[in-house]
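Coordinate analysis (summary)
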Amino acid sequence: MATSLGRFNVAAIYSPPKSNCTRVDYSYLFSRLSSKFLIGGDWNCKNTRWGSRLTTPEGSRLEEAINLIGG
């Protein structure tokens, strides 16, 4: 998608409960989308960093992957 701020990719995700995605899985997904992207959907990853009252193991793994890309 092209905007006044440049091009970026748009993606959707559904991660079923107990899907057991790893940090590597998330990192691979992010690497396939280029340096600018927007992903919306149901991650099923709770983390206090994005407003949840608790952090699940899935939320920790997603946070680790986000931190690797500079989030």
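One can find the structure itself at the top, above this paragraph.
What comes next concerns the included structure. Note that the structure is a prediction, hence the values are computed from the model and not measured.

1. Some remarks on the nonpolar core
Formed by Ile13, Tyr26, Phe30, Leu33, Ile39, Trp43, Cys45, Leu62, Ala65 and Ile66, the largest nonpolar core amounts to 10 residues. Those elements giving two or more residues to this core turn out to be α1 (23-32) and α2 (57-68). The element contributing the most residues to this core is α2, with 3 residues.

2. Brief notes about α2
Its 12 residues give α2 an end-to-end C-alpha distance of 17 Å, which sits within 8% of 16 Å, the value for a rise of 1.5 Å per residue. What α2 keeps buried is the set Glu58, Gly59, Leu62, Ala65 and Ile66. Looking down the long axis of α2, one finds its buried residues gathered within 125° of arc, a one-sided arrangement. Across from the buried face of α2, at angles greater than 90 degrees, the exposed residues are Pro57 and Leu68. Taken from the residues just after α2, Gly70 is the one with a positive phi, measuring 90°.

Calculation rules
- Throughout this document, residue positions are counted from 1 along each chain, in the order its sequence is written.
- Given that the model is predicted, a residue must reach a pLDDT of at least 70 before its local features are reported, and side-chain atom pairs must reach 80 or more before they are shown or counted; all residues, however, enter totals for whole chains, interfaces and linings.
- As a rule here, side-chain values cover all heavy atoms of the structure and leave hydrogens and water aside.
- Think of a nonpolar core as a cluster: buried Ala, Val, Leu, Ile, Met, Phe, Trp, Tyr and Cys residues, connected wherever their side-chain atoms sit within 4.5 Å.
- Residue exposure (1.4 Å probe, protein chains only): buried if accessible area is under 20% of the type maximum, exposed if over 50%, otherwise partly exposed.
- Only runs of H or I of at least four residues qualify as helices and only runs of E of at least two qualify as strands under DSSP, and these elements are numbered from the N terminus.
- The span you would expect from a helix comes to 1.5 Å times its residue count less one.
- Relevant arc is that of directions from the helix axis to the C-beta atoms, nothing else.

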